[in-house]
Amino acid sequence: MTERFDVIVIGGGIVGATAACALGEAGLDVALVEARSAVSSEAKPGRDPRVFAVTRASERILRSLQAWDAMPPEDVFAFTDMEVWDAGGGGALHFDCAELGEPYLGHIIEPRIILAALMNRLGSVSRVTLLRPARFREIYIAADEAVVELEDDRALHARLVVAADGVRSPVRAALGINTREHDYRQSSLVALVRTAESHRHTAWQRFLPGGPLAFLPLEANWCSIVWTRPTAEVERLLTLDKETFHAELGAAFDFRLGEITDSGEREAWPLQRRHAERYVIARAALIGDAAHAIHPLAGQGVNLGLLDAATLAQVVLEARAHGRDFGSLRSLRRFERWRRGDNSLMMSAMDGINTLFSNAGTPLQTARVMGMGMVNRTAVVRHLLMRHAMGLSGDLPDLARAPVSPE
Ligand SMILES: Cc1cc2nc3c(=O)[nH]c(=O)nc-3n(C[C@H](O)[C@H](O)[C@H](O)COP(=O)(O)OP(=O)(O)OC[C@H]3O[C@@H](n4cnc5c(N)ncnc54)[C@H](O)[C@@H]3O)c2cc1C
């Protein structure tokens, strides 16, 4: 069986679904191929332990695609402040949205809530054909089209294939695109925890010698924690009984929100940096974690992926509007030039911060205290960092610039 589309997106995670939505809404015929049969744990009660910090730029993209309002308000948690401090030397930073005249800095949301909203929205974009469950097997690149073969023997033809199939990206491997990798030898432990005191709608991050510990605010006194430590340490933390875990976590967090009074299941995520050497070849482009996997310490991974999706859609649509072949290498290079530099910069910044704060040596400790003090005292620098964390700096695609209501 042979089917023809303008674009085939492989991977129906948040990034792939966003790309399919943006392209389909603009009138292209899109196939979205996803291996899983339904949004994972769609029907599962309770919250996932892992949540995402979603920037204002991502919010704009999701609002522009009419997916934001499909999320139940009780599952979307705005945070207004950020507290960052260094366990090793007394340096501290405070960011407050009011300083920028903004109502909040960003939101904390479970991935499955964002994905369900996108899938719900895709249901009304008639130009998108959702093939699920369907698994990518092989890709063949010809001069004027790409052919994707699925495991059920279907063959899909299109002028462009978008790989949004995650960090291990079978499409990237099939295209022979190499990655540069670095094993951080760290893992992130994630869990829902309840604290004695209110989180005050603040995202908290304490830098400890083994890695950062973040508390991301949800309802009432609940937070989702991301506790990054050397992998063997995380494995030990997974085995602790609740009482010991609460005591160790409370101490690591300097009891900023009082005692830890309850917690849910704990999960561990091993951390690796991975960056594709190229984002594009003729007829194919990589976006999201298929192109770049980044340290989660600033919660930027999916946010960068959404910017990739919005940028690629804009580049493709502008090429089409000018009568050019949007799957040609020439057209796609514009996407690579636009996104690769920004993503590289963010990856280097995360590595720099991770190294700076994971090192207990005295000169680095002094530099941290001085640097954080300087930033905290200098409004211009602080505002610059806040805008960066909100995703509002740099060369944004149109979908991330669109006016948002209400803001
Ligand atoms: C501990 C931790 C905390 C994080 N916190 C944040 C945060 O706060 N903010 C943030 O922005 N980012 C965060 N991230 C990063 C974020 O998880 C990723 O950047 C994001 O999930 C990548 O989305 P994606 O759509 O590119 O890939 P994925 O979510 O991996 O989606 C890939 C999709 O492709 C499908 N697929 C795979 N193979 C095939 C195939 N052969 N055929 C068809 N389909 C296939 C999969 O089923 C999947 O649905 C965090 C990461 C970690 C580890």
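The coordinates are above.
Right, let's walk through the structure included here. (Residues numbered from 1 in each chain as written. Predicted model: local features only at pLDDT ≥ 70, side-chain atom pairs only at ≥ 80, totals over all residues. Heavy atoms only, no water.)

Notes on the packing of helix α1 (residues 14–25) against helix α7 (residues 301–321)
Move 1: Closest axis-to-axis distance for the α1/α7 pair is 9 Å, and the angle between their directions is 25°. As summarised for this structure, α1 and α7 are arranged roughly parallel, according to the angle between their axes. The handedness of the crossing between α1 and α7 is right-handed. Contacts between α1 and α7 involve Ile14, Val15, Thr18, Ala19, Ala22 and Leu23 from the former and Val302, Gly305, Leu306, Ala309, Ala313, Val316 and Leu317 from the latter.
Move 2: For the contact of α1 with α7, the class distribution of residues is 11 nonpolar, two polar and no charged. (Axes fitted to C-alpha atoms, helices over the stretch in contact; angles between N-to-C directions. Helix = DSSP H or I, 4+ residues; strand = E, 2+ residues; numbered from the N terminus. Parallel < 35°, antiparallel > 145°, perpendicular 65-115°, else oblique. Left-handed = near helix turned anticlockwise from the far one by under 90°. Contact = heavy atoms within 4.5 Å. Nonpolar A, V, L, I, M, F, W, Y, C, P; charged D, E, K, R; others polar.)

So, the site of the ligand
Move 1: Neighbouring residues of the ligand: 30 residues in total, closest Glu34, Arg36, Ala53, Asp289 and Val302.
Move 2: Taking arginine 50, its side chain carries an N or O atom lying 2.9 Å from an oxygen atom of the ligand.
Move 3: Contact with the protein chains hides 86% of the accessible area of the ligand, taken as 1000 Å² for the molecule alone.
Move 4: Secondary-structure elements contributing two or more residues to the shell around the ligand are α1, β4 (52–54) and α7.
Move 5: When residues in the shell around the ligand are grouped by element, the largest group, three residues, is from α7.
Move 6: A class-by-class count of the residues in the shell around the ligand yields 14 nonpolar, 10 polar and six charged. (Near = heavy atom within 4 Å. Polar contact = N/O pair within 3.5 Å; in protein donor to acceptor, adjacent residues only side chain to side chain. Areas by Shrake-Rupley, 256 points an atom, 1.4 Å probe, with all protein chains shown as cover.)

Structural notes on the side chain of threonine 18
Move 1: Looking at the secondary structure, you find threonine 18 in helix α1.
Move 2: Assessed through its relative accessible area of 1%, threonine 18 is described here as buried.
Move 3: If we ignore the near neighbours within four places in the chain, the residues touching threonine 18 are Ile61, Leu62, Leu65, Leu118, Leu306 and Ala309. (Buried < 20%, exposed > 50% of the residue type's maximum accessible area, 1.4 Å probe, protein only.)

Structural notes on the packing of α7 against helix α8 (residues 329–358)
Think of two packed helices as two axes; the pair is described by the angle between the axes and how far apart they sit.
Move 1: As a packed pair, α7 and α8 sit with axes 9 Å apart at the nearest point and diverge in direction by 160°. Taken together, the axes of α7 and α8 lie roughly antiparallel to each other. Considering how the two elements wind past one another, α7 and α8 form a crossing that is right-handed. Residues Leu304, Leu307, Asp308, Thr311, Leu312, Gln314, Val315, Glu318 and Ala319 of α7 pack against Ser331, Leu332, Arg334, Phe335, Trp338, Arg339, Asn343 and Met346 of α8.
Move 2: Looking at the contact of α7 with α8, its residues break down into nine nonpolar, four polar and four charged.

Examining the packing of aromatic side chains
Move 1: Across all of its chains, the model carries six aromatic pairs by this definition.
Move 2: Taking the centre distance of 6.2 Å and the plane angle of 40° together, the rings of tyrosine 279 and phenylalanine 335 count as tilted. Taken together, the residues tyrosine 279 in the loop between β19 (267–276) and β20 (280–281) and phenylalanine 335 in helix α8 connect sequence positions 56 residues apart. Phenylalanine 335 shares its class with tyrosine 279; the two are buried.
Move 3: Aromatic rings pair up to connect Trp85, Trp204, Phe215 and Phe253 into one cluster.
Move 4: Of note, arginine 50 hangs over the ring of tryptophan 269, and the distance from its end group to the ring centre comes to 3.8 Å.
Move 5: We note arginine 256 situated over the ring of tryptophan 85; from NZ or CZ to the ring centre the distance is 4.0 Å. (Phe/Tyr/Trp six-rings, centres within 6.5 Å; stacked < 30°, edge-to-face > 60°. Lys NZ or Arg CZ within 6 Å of the ring centre and 35° of its normal.)

What about the sheet that holds strand β13 (residues 160–163)?
Move 1: The six strands lie next to each other as β9-β3-β2-β13-β21-β20, forming an open sheet whose pairing is mixed. Each edge of the open sheet carries a strand with a single partner, namely β9 (128–131) and β20.
Move 2: Direction of pairing for strand β2 (residues 7–10) relative to strand β3 (residues 30–33): parallel, over a ladder of four bridges. Directly across from valine 9, in β3, lies its bridge partner leucine 32. (Pairing = 2+ DSSP bridges.)

Digging into the environment of isoleucine 225
Move 1: Locating isoleucine 225 in the fold gives a position in strand β17 (residues 222–230).
Move 2: The spacing of isoleucine 225 and aspartate 398 is 173 residues in sequence and 33 Å in space, taken between C-alpha atoms.
Move 3: If sequence neighbours within four positions are ignored, isoleucine 225 has contacts with Leu189, Val190, Ala191, Val193, Leu213, Ala214, Phe215, Phe245 and Leu249.

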